[in-house]
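Chain by chain, the residues run as shown.
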There are 2 protein chains.
Amino acid sequence: MKKLLLAFGLFATAAQAKSPADSVTIRKIYTEILGNSPSYEWLRQLTKGVGPRLSGSAGAQKAVDWSKQLMEKQGFDRVFLQEVMVPHWVRGAKEVAYIQNGKQKITVPIAALGGSIATAPKGVEAPVIEVKNFQELRDLGAEKVKGKIVFFNRPMDPTKLNTFEAYAGAVDQRGNGASEAGKLGAVGAIVRSVTTAMDDNPHTGGMRYATGVPLIPTAAISTNGAELLSKSLKENANLTFYFKQNCEMLPDVKSYNVVGEIKGSEKPEEIIVVGGHLDSWDLAEGAHDDGSGCVQSIEVLRTIKALGIKPKRTIRAVMFMNEENGLRGGVGYADYAKKNNEKHIAAVESDEGGFTPRGFGIVGTAEQRAKVMPWKPLLAPYGLHDIGAGPGGADIGPLAQFGTVLFGFKPDTQRYFDFHHTGIDRFEGVNKRELELGAASMTALVYLLDQYGL
Amino acid sequence: MKKLLLAFGLFATAAQAKSPADSVTIRKIYTEILGNSPSYEWLRQLTKGVGPRLSGSAGAQKAVDWSKQLMEKQGFDRVFLQEVMVPHWVRGAKEVAYIQNGKQKITVPIAALGGSIATAPKGVEAPVIEVKNFQELRDLGAEKVKGKIVFFNRPMDPTKLNTFEAYAGAVDQRGNGASEAGKLGAVGAIVRSVTTAMDDNPHTGGMRYATGVPLIPTAAISTNGAELLSKSLKENANLTFYFKQNCEMLPDVKSYNVVGEIKGSEKPEEIIVVGGHLDSWDLAEGAHDDGSGCVQSIEVLRTIKALGIKPKRTIRAVMFMNEENGLRGGVGYADYAKKNNEKHIAAVESDEGGFTPRGFGIVGTAEQRAKVMPWKPLLAPYGLHDIGAGPGGADIGPLAQFGTVLFGFKPDTQRYFDFHHTGIDRFEGVNKRELELGAASMTALVYLLDQYGL
């Protein structure tokens, strides 16, 4: 058995390993980035200099200008803007909310959800009905919901190892809660922040009104606020909740994806995209979400140039606009590719935070995934063990229609939802080495994609 | 080839998997800890309530009392103190240091190294000679070093993936720099903080005087301070450096390891230890180093009880005293085991921070390591891929003389040396989920060690 294992092991290794030069190049990539990367400084500029950059805002335009100039300075072969129309939602004055429990008035932190309408100027105050899911709400029926504020209080499941899976299991409340509550005559919807952290930071995020339902205002409440409200309701089911918000959806605005490219030397018509999204929520500096993905993507191209690698294929860094509340950048980029008959063989996105790398999720056929498997031994020494079928990325998603293979960079995401869509998603929350290791992992993958195709 | 791979893959899986019940139990362990663990709250008590706890200090005694009471409250079968004499070094008043560059006086952050003598009460001021290593220092010779302050300025190598390897490559300056400089007649030794982070936090840590060398005071300077000093020396080689510190080594003090245990049901005489160290540096709350390891170890035993697991062997949580500047607890524990003819089959230590888990290092024979390999498929779903030969832990090290197999818990350590031995090693730097995942990983390993032995 041992001999068989050994023989098989050697054989497998020989079959899997690409040229030993690959291993040397990948080590050079990590050395270059860990030793010389400007990506952390770029992130400082984007988060502290540019700051929040919700689609349609002055910050978003500043981010477009900043990233275009940065890529031009890097001397990439081509840097260009790709126009898209984006939604323009504004929060207005800071929200106010409190629990009125008898004579006691307790202020709680809320944040309007992106896309929500405002309350009446004087705010809305109503009794509260707490539910954990839509079925429970429907079972209550219009009679019990009418005139109330519906409080969606199902927590993210902390026992799931994969925090994105836990997020997916709770985020329907944020996305569709207002529509479900509005249908039954509610006057507002308050949603527990989608995070496992217990704190005072309300987590905003996108929501959408279903067609034909009455529009009611909706906001996220911090997890501590949600616990307090739930506890207070147990003591006094007749308490009321007050909130006031001033948000507004304005007409669409012209904005841009920002693209930088290194031309391929052998097959320039085959394109490999690496990207992140440039927009952030208005409350956040957007350091993990997704300044990290942006600077990492630019760093991939800088490193290729710095090491004198001449890619066979064209490598493009794309800063997508409007991932957070519309995905217009992702959709617009795919449209652009189609119009120009461009052939995208692969797209890599980093949008799960600037954390220490774990691997890549792949969206493609089983055969395409199988082509990646021989690279695993080259990536394992860098902690990239988690390589297999898995999500790609929202912005690159629309490229799948052309048969482009999608790769979602997978960092360790245990901390991600502590920061997600809040004021604490700041530069200070990103570790320099973790950010750089992510960039190096993405560069290594792009290098292999360029070398061997799919 | 594909068929062979498949057949072999199935065969290998069948051979490797232990009972499917193990997989269920391990999932239960993670669910219990991610859902119900008090370990983060314990860490808050230890860091914020007890606070800094350098060996010999009142804080250390408070930590002993706190952990004994905590384990008693958990209802473990036995909780006891194991006496050890520990060094008692005190920092005294906060250090003062500045660069005197012509008329310009620039204050820089320093921290006396643990074990160092004080300067004269008025401090010491002298010209500075910068070196990168001991060979460079020796090549300069006594003539050029005499009367000077030696400035050791070799950075940790940021290009190494393994931060502990990079640490090992720089820490000789801290441990032995004063002796090497003292031998050549220097009047002080200033050491660049052992971290890749660029900031204003001096990192203290242990140092030792070689026998027979003149004792000179030594301190760590922050990395920003080191860069400034180096730059200033390039501009003006004749500048002077001033520092004053008031530290002192007092007589040894009585202290304790704190031990909690669950008695084995079948082989109570076989002991499995899981531990961390209870002492911290005086500047730090000791959250990552090593409050995390302590609360995780207690959590292992709590979880075993909570799940109704009846271990075959005796499981012990050990809070070791004095890892930072003496290792008396680790040595004393091994002495105690010897005196009592105890049989320790395995020891697990967590002392690389409360970060997201990556695996375990094993110190044992190749055959012992081979016995662990079949467990890998049980641990891989939890991100534990890095299992193989590797360091165990300082405190459990002395048990190796009895043939005890040592396991060093390996979290992801990219951030570890940002915090290490500084004032920012605080509760706030530890993430709840990452801490808990570490505790769950350790519990899973201890469970398997108990089930199958070695």
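Everything quoted here is computed from the prediction, not taken from an experiment.

### With respect to the packing of helix α2 (residues 20-36) of chain A against helix α14 (residues 432-452) of chain A
Residues and elements named next belong to chain A. One can describe the packing of α2 onto α14 by two numbers: an axis separation of 9 Å at closest approach and a directional angle of 150°. Comparing the axis directions of α2 and α14 gives the class roughly antiparallel. Seen along the crossing, α2 lies across α14 with a hand that is right-handed. Residues Asp-22, Thr-25, Ile-26, Ile-29, Tyr-30, Ile-33 and Leu-34 of α2 lie in contact with α14, whose contacting residues are Arg-433, Glu-436, Leu-437, Ala-439, Ala-440, Ser-441, Thr-443, Ala-444, Tyr-447, Leu-448, Gln-451 and Tyr-452. A per-class count over the contact of α2 with α14 returns 12 nonpolar, four polar and three charged.

### Quick notes on the domain arrangement of chain A
All names here are of chain A. Entries for chain A in the domain assignment read domain 1 (18-89 + 251-452) and domain 2 (94-246). Centre-to-centre separation of domain 1 and domain 2, based on C-alpha positions: 34 Å. The interface of domain 1 with domain 2 comprises 14 residues on the first partner and 21 residues on the second. When domain 1 packs against domain 2, close to 1,400 Å² is buried across both sides, 63% of that on carbon and sulfur atoms. Three residues stand out in domain 1 for area buried against domain 2, namely Trp-89, Phe-417 and His-421, and they jointly supply 42% of the buried area on that side. On inspection of domain 1 and its partner domain 2, the count reaches zero salt bridges. Counting across the interface, domain 1 meets domain 2 through six residue pairs in polar contact (both at pLDDT 80 or more). Examining the composition of the side of domain 1 that touches domain 2, we find that three residues originate from one element, helix α13 (residues 416-419), more than from any other. Looking at side-chain class alone, the side of domain 1 that touches domain 2 contains six nonpolar, five polar and three charged residues.

### Concerning the pattern of salt bridges
Two side chains with opposite charge may pair up if their charged atoms get near one another. As enumerated under the stated definition, the model contains 56 salt bridges over all chains in all. Between Glu-95 of chain A and Arg-91 of chain A there is a salt bridge; the shortest N-O distance is 2.7 Å. With a shortest N-O distance of 3.2 Å, Arg-78 of chain B and Glu-261 of chain B are connected by a salt bridge. Separated by 183 residues along the polypeptide, Arg-78 of chain B in strand β1 (residues 78-90) and Glu-261 of chain B in strand β10 (residues 248-262) bring together distant segments of the chain.

### Here we look at helix α2 (residues 20-36) of chain B
Compared with an ideal rise of 1.5 Å per residue, which puts 17 residues at 24 Å, α2 of chain B spans 24 Å between its outermost C-alpha atoms and is within 8% of the ideal. Residues of α2 of chain B that are buried make contact with α9 (287-306), α12 (376-379) and α14 (432-452) of chain B.

### Comments concerning the pairing of strand β11 (residues 267-277) of chain A
All names here are of chain A. Where burial is concerned, most of β11 is hidden: eight out of the 11 residues are buried. Of the pairings in the sheet, the one linking β11 to strand β12 (residues 313-320) comprises eight bridges and is parallel in character. Following the sheet pairing, His-277 is matched in β12 by Phe-320. Handedness of the β11-helix α9 (residues 287-306)-β12 crossover: right-handed.

### Observations regarding the pairing of strand β3 (residues 104-107) of chain B
Consecutive residues of a regular strand have side chains that alternate between opposite faces of the sheet. Residue and element names in this part refer to chain B. Relative to β3, strand β2 (residues 96-101) is paired through four bridges, and the arrangement is antiparallel. Bridged to Gln-100 within β3 is Lys-105. Following β2, the chain reverses through two residues before pairing antiparallel with β3; Gly-102 in that reversal takes a positive phi of roughly 60°.

### Remarks on the UniProt feature "domain: Peptidase M28" (unreviewed entry) in chain A
Those places that UniProt annotates as "domain: Peptidase M28" (unreviewed entry) correspond, in this numbering, to residues 257-436 of chain A. Annotated as 29% helix and 28% strand, the span residues 257-436 of chain A places its first and last C-alpha atoms 23 Å apart.

### What about the relation of the copies chain B and chain A?
The operation relating chain B to chain A is a screw motion whose rotation component is 180°, with 0.0 Å of axial translation and a residual RMSD of 0.0 Å. Considering both components of the superposition, the chain copies are consistent with a two-fold axis. The rotation axis passes nearest to the C-alpha of His-385 of chain B in chain B, at a distance of 3.6 Å. Comparing interface residues between copies, 100% of those in chain B also sit at the interface in chain A, which points to an isologous, same-surface contact.

### Notes on the packing of aromatic side chains
All names here are of chain A. In total, this model carries 34 aromatic pairs over all chains according to the counting rule given. Relative to Tyr-382, the ring of Tyr-30 has its centre 3.8 Å away and its plane inclined at 10°; by these criteria the two rings are stacked. With Tyr-30 in helix α2 and Tyr-382 in the loop between α12 (376-379) and β15 (386-389), the pair connects residues that are 352 residues apart, well separated along the chain. As far as burial versus exposure is concerned, Tyr-30 and Tyr-382 are alike and both buried. Summarising the aromatic geometry, the rings of Phe-164 and Tyr-416 are spaced 5.3 Å apart at their centres and angled 25° between planes, so their arrangement reads as stacked. With Phe-164 in helix α6 (residues 163-168) and Tyr-416 in helix α13, this residue pair connects regions lying 252 residues apart in the sequence.

### Examining the interface of chain B and chain A
Taken together, the contact between chain B and chain A spans 30 residues of the former and 30 residues of the latter. Contact between chain B and chain A buries roughly 2,800 Å² in total, counting both sides, with carbon and sulfur atoms accounting for 59%. The tally of links between chain B and chain A comes to two salt bridges. Here Glu-434 of chain B ties to Arg-415 of chain A by a salt bridge, and the two come within 3.0 Å at their closest N and O atoms. Listing elements by their share of the side of chain B that touches chain A, those giving two or more residues are α1 (2-16), α2, β14 (357-363) and α14 of chain B.

### Some remarks on the sheet that holds β14 of chain B
Residues and elements named next belong to chain B. The strand order across the open sheet built from eight strands is β1-β10-β12-β11-β13-β16-β14-β15, with neighbouring strands paired in mixed fashion. Taken across any chain shown, the strands that pair with only one partner, and hence form the sheet edges, are β1 and β15 (386-389). Between one strand and the next, the sheet's axes are offset by a mean angle of 20°, whatever the strand orientation. Bridge count between β14 and β15: four bridges; the pairing is parallel. Counted as the bridge partner of Ile-362 is Ala-389 from β15. In the packing of α9 onto the sheet, contacts are made with β10, β11 (267-277), β12 (313-320) and β16 (405-411), and the angle to β11 comes to roughly 145°. Taken strand by strand, helix α10 (residues 328-339) contacts β1, β10, β11, β12 and β13 (343-349), and its axis lies near 140° from that of β1.

### Considering the environment of Leu-81 of chain A
Residue and element names in this part refer to chain A. Structurally, Leu-81 is set in strand β1 (residues 78-90). Judged by its relative accessible area of 32%, Leu-81 is partly exposed. Separated by 44 residues in sequence, Leu-81 and Glu-125 have C-alpha atoms that sit 46 Å apart. When near neighbours in sequence (up to four residues on either side) are disregarded, Leu-81 contacts Val-64, Lys-68, Tyr-256, Asn-257 and Val-258.

### Remarks on the confidence of the model for chain A
Do not read the predicted coordinates in detail wherever pLDDT is low. For chain A, mean pLDDT is 95; residues scoring 70 or higher make up 96% of the total. Confidence over residues 1-17 of chain A falls short of pLDDT 50; this stretch has 10 contacts with residues more than four positions distant or in other chains.

### A look at unusual backbone geometry
Residue and element names in this part refer to chain A. Going from Asp-289 to Asp-290, the amide bond is cis rather than trans, its omega being 0°. Its location among the elements puts Asp-290 in helix α9. At Asn-341, a residue that is not glycine, the phi angle is positive and equals roughly 50°. For Asn-341, the location among the structural elements is in the loop between α10 (328-339) and β13 (343-349). Residue His-421 is not a glycine yet carries a positive backbone phi of 65°. Residue placement: His-421 occurs in the loop between α13 and α14.

### Some details on α9 of chain A
Owing to its 3.6 residues per turn, the α-helix aligns residues three or four sequence positions apart on the same side. Residue and element names in this part refer to chain A. With 20 residues, α9 should reach 28 Å at 1.5 Å per residue; the first-to-last C-alpha distance of 25 Å falls well below that figure. Buried residues dominate α9, accounting for 18 of its 20 residues. One or two positions beyond α9, positive phi appears at Gly-308, with a value near 70°.

### A look at the side chain of Ser-37 of chain A
All names here are of chain A. Inspection of the secondary structure assignment puts Ser-37 in the loop between α2 and α3 (39-50). Note on Ser-37: relative accessible area 11%, which makes it buried. Engagement of the side chain of Ser-37 in a polar contact is seen with the side chain of Glu-299, the distance being 2.8 Å.

What counts and how
Residues numbered from 1 in each chain as written. Chains lettered and ligands numbered in written order. Predicted model: local features only at pLDDT ≥ 70, side-chain atom pairs only at ≥ 80, totals over all residues. Heavy atoms only, no water. Axes fitted to C-alpha atoms, helices over the stretch in contact; angles between N-to-C directions. Helix = DSSP H or I, 4+ residues; strand = E, 2+ residues; numbered from the N terminus. Parallel < 35°, antiparallel > 145°, perpendicular 65-115°, else oblique. Left-handed = near helix turned anticlockwise from the far one by under 90°. Contact = heavy atoms within 4.5 Å. Nonpolar A, V, L, I, M, F, W, Y, C, P; charged D, E, K, R; others polar. Domains from an automatic or database assignment. Buried area = accessible area lost by both parts, 1.4 Å probe. Salt bridge = Lys/Arg side-chain N within 4 Å of Asp/Glu carboxyl O. Polar contact = N/O pair within 3.5 Å; in protein donor to acceptor, adjacent residues only side chain to side chain. Expected span 1.5 Å × (residues − 1). Buried < 20%, exposed > 50% of the residue type's maximum accessible area, 1.4 Å probe, protein only. Pairing = 2+ DSSP bridges. Right-handed = clockwise from strand over helix to strand, strands pointing away. UniProt positions renumbered as here; feature names shortened; annotations may be inferred. Least-squares fit on C-alpha atoms with pLDDT ≥ 70 in both. Phe/Tyr/Trp six-rings, centres within 6.5 Å; stacked < 30°, edge-to-face > 60°. pLDDT = per-residue confidence, 0-100.

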